Amino acid sequence: AHLEAAGHVCVLKDAFDFESPSEIANLILAENCEAALALHLYRGGRLLQGHRIPFGIIFGGTDVNEDANQGEKNTVMGRVLEEARFAVAFTESMKEMAQAQWKARQISLAVTRAVPVQPHAKGKIYVQSQGIATTPNAAFNWNTFLQRSEINQSADNLHIFLLICGLRQVKDPLYLVDAFSEWHQEEPSVYLVIAGPEVDPVFTREVKAKVRRAAGVRLIGEMPQEDLHAVVKNCFAVVNSSVSEGMSAAILEAMDLEVPVLARNIPGNAAVVKHEVTGLLFSNPQEFVHLAKRLVSDPALEKEIVGNGREYVRMYHSWQVERDTYQQLISKLEGSTED
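Residues numbered from 1 in each chain as written. Predicted model: local features only at pLDDT ≥ 70, side-chain atom pairs only at ≥ 80, totals over all residues. Heavy atoms only, no water.

K.L.:
Can you tell me about the nonpolar core, naming the residues and giving the values?
P.N.:
Ranked by internal contacts, the top residues of the largest apolar core, which has 72 residues, are I57, F59, F145, I160 and L162. Both domain 1 (1–131 + 320–331) and domain 2 (142–317) contribute no fewer than three residues apiece to this core. Core analysis: the second largest hydrophobic core is formed by 31 residues, F180, W183, F236 and V239 among them. (Core = buried A, V, L, I, M, F, W, Y, C linked by side-chain atoms within 4.5 Å. Buried < 20%, exposed > 50% of the residue type's maximum accessible area, 1.4 Å probe, protein only. Domains from an automatic or database assignment.)

K.L.:
Got a sec to walk through the sheet that holds strand β3 (residues 86–89)? Specific residues and values, please.
P.N.:
With respect to topology, four strands assemble into an open sheet ordered β1-β2-β3-β4, the strand pairing being parallel. Strands at the two margins of the open sheet, each flanked by one partner only, are β1 (36–39) and β4 (125–127). If you compare each strand with its neighbour and ignore which way they point, the axes differ by 25° on average. As paired elements, strand β2 (residues 55–58) and β3 share three bridges and run parallel to each other. The residue of β3 that forms the bridge with I58 is V88. (Pairing = 2+ DSSP bridges. Helix = DSSP H or I, 4+ residues; strand = E, 2+ residues; numbered from the N terminus. Axes fitted to C-alpha atoms, helices over the stretch in contact; angles between N-to-C directions.)

K.L.:
Just give me the short version of helix α8 (residues 201–212), but keep the residues and values in it.
P.N.:
The first and last C-alpha atoms of α8 sit 17 Å apart over twelve residues, in line with the 16 Å expected at 1.5 Å per residue. Buried within α8 are the following residues: F203, T204, V207 and V211. Around the axis of α8, the buried residues are gathered within 105° of arc, so they sit on the same side. For α8, exposure combined with an orientation more than 90 degrees from the buried face picks out P201, V202, R205 and R212. If you follow the buried residues of α8, they end up packed against β6 (190–195) and β7 (217–220). (Expected span 1.5 Å × (residues − 1). Arc of directions from axis to C-beta. Contact = heavy atoms within 4.5 Å.)

K.L.:
So what's going on with the pattern of salt bridges? Which residues, and what values?
P.N.:
Per the counting criterion, the structure on display carries nine salt bridges. The closest approach of N and O atoms between E245 and K171, which form a salt bridge, is 2.9 Å. You can see E245 sitting in the loop between β8 (237–240) and α10 (249–256) and its partner K171 sitting in the loop between β5 (159–164) and α7 (177–186), a full 74 residues away along the chain. Owing to a relative accessible area of 9%, E245 belongs among the buried residues under this scheme. Close ionic contact of R310 with E258 constitutes a salt bridge, the shortest N to O distance being 3.5 Å. Here the residue R310 occupies a position in helix α13 (residues 299–316), and E258 occupies one in the loop between α10 and β9 (261–264), the gap between them amounting to 52 residues. Assessed through its relative accessible area of 18%, R310 is described here as buried. Classification of E258 as partly exposed rests on a relative accessible area of 47%. Linked by salt bridges that have partners in common, D256, E258 and R310 make up one network. (Salt bridge = Lys/Arg side-chain N within 4 Å of Asp/Glu carboxyl O.)

The quantities given are spatial measurements derived from coordinates; they are silent on function.
So this is what it looks like as structure tokens:
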């Protein structure tokens, strides 16, 4: 939307739909593409190498946090970064990690070659946090949603905790299931609803089997964004239990919609959630239950967190600032390298 607003014509494709760079070459020819922007340094970036069209990269999170630790992927990503005109990190810490990672690789290459080599990442990584704009569906029927989710209680007494994630291992959707189920048996008004697409088919089967046996836990599929925002607005709190995150849009959208956030204490989450200020951070399932109980019983804490979270998003995650940044960065893809 940001790029089209500046007059560019965009073709949006899922990196998972392509098995090789030659398929991208065919797309570039068919669509007459003049530039590209890839999300995820490995999954998206590796497909763009060597096509002689300028491109930029947006780090996803798992590329820097996870894939960079695997030798072959690290090498590929270093080459992609070298060829990219620019890269975008969501946080200062993500930028520093990327710079350290690929600067270290270049130093080792320089030693091997016995010649000075310029670091890949230097001067081309920009920090731009995700801009947030929420659009909840005003016509969304919460009671119908609860019935469809097989939650047959009055909405007035319920506390719905919503975990939004694609079903893949890095999101760890089963992390809280046992502890939450135990809590539900003590307190039947609390439910954990896991919402998101079935990304990993094998892992999805495992999640479905576990949730079927877990009291107080429900699994719903992918939803249109406006409906999902309406679910966020109606739930009691949004939960994030990921092993690794770049920057969770679900956390920021919850803050924007004035809903409290409970997030696993990992670097990507701690970069946007300040404990007891803009949300609550937990380090294990037992601590999650303790903090969730506290939030349920302490309306003053809930009110304070919600107010601070909303203010934080308005100040640091402006949709307009994000638009301005990407419209400026895309100009780096126009013209020749020398420009």
